[in-house]
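The primary structure of each chain is shown beneath.
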Amino acid sequence: MNILWIFALFAGSCIAIQAAMNARLGQLFNSALLATSYAFFTSFLLVITIALLVNSKSLIHQWQQISFSIVPWYLWLSCVLSVIGVGSMYWLIPKMGVGSVMSYSLTGQLILALIISHFGLFDSPQKLISSTKLVGALLLIIGITLVNKE
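Owing to the predicted nature of the structure, the values given are computational and were not obtained by experimental measurement.

1. Observations concerning the overall build of the chain
Scanning the chain from terminus to terminus reveals five helices and zero strands. Looking at the chain as a whole, 16% of its 150 residues are labelled buried. In the chain, of all internal contacts separated by at least 6 residues, the share reaching a separation of at least 24 is 52%. On the chain, roughly 11400 Å² of surface is accessible, and the fraction owed to carbon and sulfur atoms is 73%.

2. Thoughts on the nonpolar core
Ranked by size, the top nonpolar core spans 11 residues in total: A19, A23, L25, A32, A35, A39, M89, Y90, I93, V101 and M102. Only helix 1 (4–29), helix 2 (32–65), helix 3 (78–96) and helix 4 (98–119) provide two or more residues apiece to this core. Among all residues touching A35, those that are not within four sequence positions of it are N22, L25, G26, F29 and Y90.

3. Considering the environment of L139
Its place among the elements puts L139 in helix 5 (residues 131–147). With 50 residues separating them in the primary sequence, L139 and M89 have C-alpha atoms 24 Å apart.

4. Here we look at the packing of helix 1 against helix 2
Following both chains from N to C, one finds helix 1 and helix 2 inclined at 130°, their axes separated by 7 Å at the closest point. If you check the angle between helix 1 and helix 2, you find them oblique. For the element pair helix 1 and helix 2, the recorded crossing hand is right-handed. Each of N22, L25, G26 and F29 in helix 1 lies in contact with helix 2, whose residues at this interface are A32, L34, A35, Y38 and A39. For the contact of helix 1 with helix 2, the class distribution of residues is seven nonpolar, two polar and no charged.

5. Quick word on the side chain of N22
Relative to the assigned elements, N22 resides in helix 1. In contact with N22, other than residues within four places in its own chain, are A35, Y38, A39 and Y90.

6. Let's talk about the environment of G108
With respect to the helices and strands, the residue G108 is situated in helix 4. You can call G108 partly exposed: its relative accessible area is 32%. Sequence separation of G108 and I141 is 33 residues, and the distance between their C-alpha atoms is 9.6 Å.

7. Some remarks on the packing of aromatic side chains
Going through the model one piece at a time under the given rule, you end up with two aromatic pairs. An angle of 90° between the planes, with centres 5.9 Å apart, marks the rings of W73 and Y74 as edge-to-face. Overall, W73 belongs to the exposed group, its relative accessible area being 63%. On the accessibility criterion, Y74 (38% relative accessible area) is partly exposed. For the ring pair Y74 and F122, a centre distance of 6.0 Å and an interplane angle of 50° mean the geometry is tilted. Residue Y74 is found in the loop between helix 2 and helix 3, and its partner F122 is found in the loop between helix 4 and helix 5; the two are separated by 48 residues along the sequence. An aromatic cluster of three or more residues is present, and its members are W73, Y74 and F122.

8. Notes on the packing of helix 4 against helix 5
Running from N to C, helix 4 and helix 5 cross one another at 165°; their axes reach a closest spacing of 10 Å. With respect to their mutual orientation, helix 4 and helix 5 come out roughly antiparallel. Remark: the crossing between helix 4 and helix 5 carries left-handed chirality. Contacts from S103, Y104, T107, L110, I111 and L114 in helix 4 reach K133, A137, L140, I141 and I144 in helix 5. Here the contact of helix 4 with helix 5 is built from residues that sort into eight nonpolar, two polar and one charged.

Conventions we followed
Residues numbered from 1 in each chain as written. Predicted model: local features only at pLDDT ≥ 70, side-chain atom pairs only at ≥ 80, totals over all residues. Heavy atoms only, no water. Helix = DSSP H or I, 4+ residues; strand = E, 2+ residues; numbered from the N terminus. Buried < 20%, exposed > 50% of the residue type's maximum accessible area, 1.4 Å probe, protein only. Contact = heavy atoms within 4.5 Å. Areas by Shrake-Rupley, 256 points an atom, 1.4 Å probe, with all protein chains shown as cover. Core = buried A, V, L, I, M, F, W, Y, C linked by side-chain atoms within 4.5 Å. Axes fitted to C-alpha atoms, helices over the stretch in contact; angles between N-to-C directions. Parallel < 35°, antiparallel > 145°, perpendicular 65-115°, else oblique. Left-handed = near helix turned anticlockwise from the far one by under 90°. Nonpolar A, V, L, I, M, F, W, Y, C, P; charged D, E, K, R; others polar. Phe/Tyr/Trp six-rings, centres within 6.5 Å; stacked < 30°, edge-to-face > 60°.

Written out as structure tokens, the structure reads:
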């Protein structure tokens, strides 16, 4: 687990670059929604291609084993949140800049992540909010305010 933070840092870097690139694509298309649909469609094709290349027999077997009826209805709504989150970023970046949008969105993610973890929502591991975590979140909010100050 000591080195996993490097992968998380890399993932976050990829998200910032991807968001900036697709926001520009949205400007060129004159539509953040069209850029969002392009991003999701091509991502879907890439993931399916990689999954089939890695182990097509296992993927087909996994699809056959899925019992969609056991999935709670609200989990199917995650796609709505993805579209709202991604589409909003593509729309906001040309207006606010990548740094501002990413810093505010990261703050929102961290605050909600603390709440989700505290209550163990969506069967995630429960990690109670401590005074140390509250201070950290407050410092993050102060930092975001300073980063975005003109």
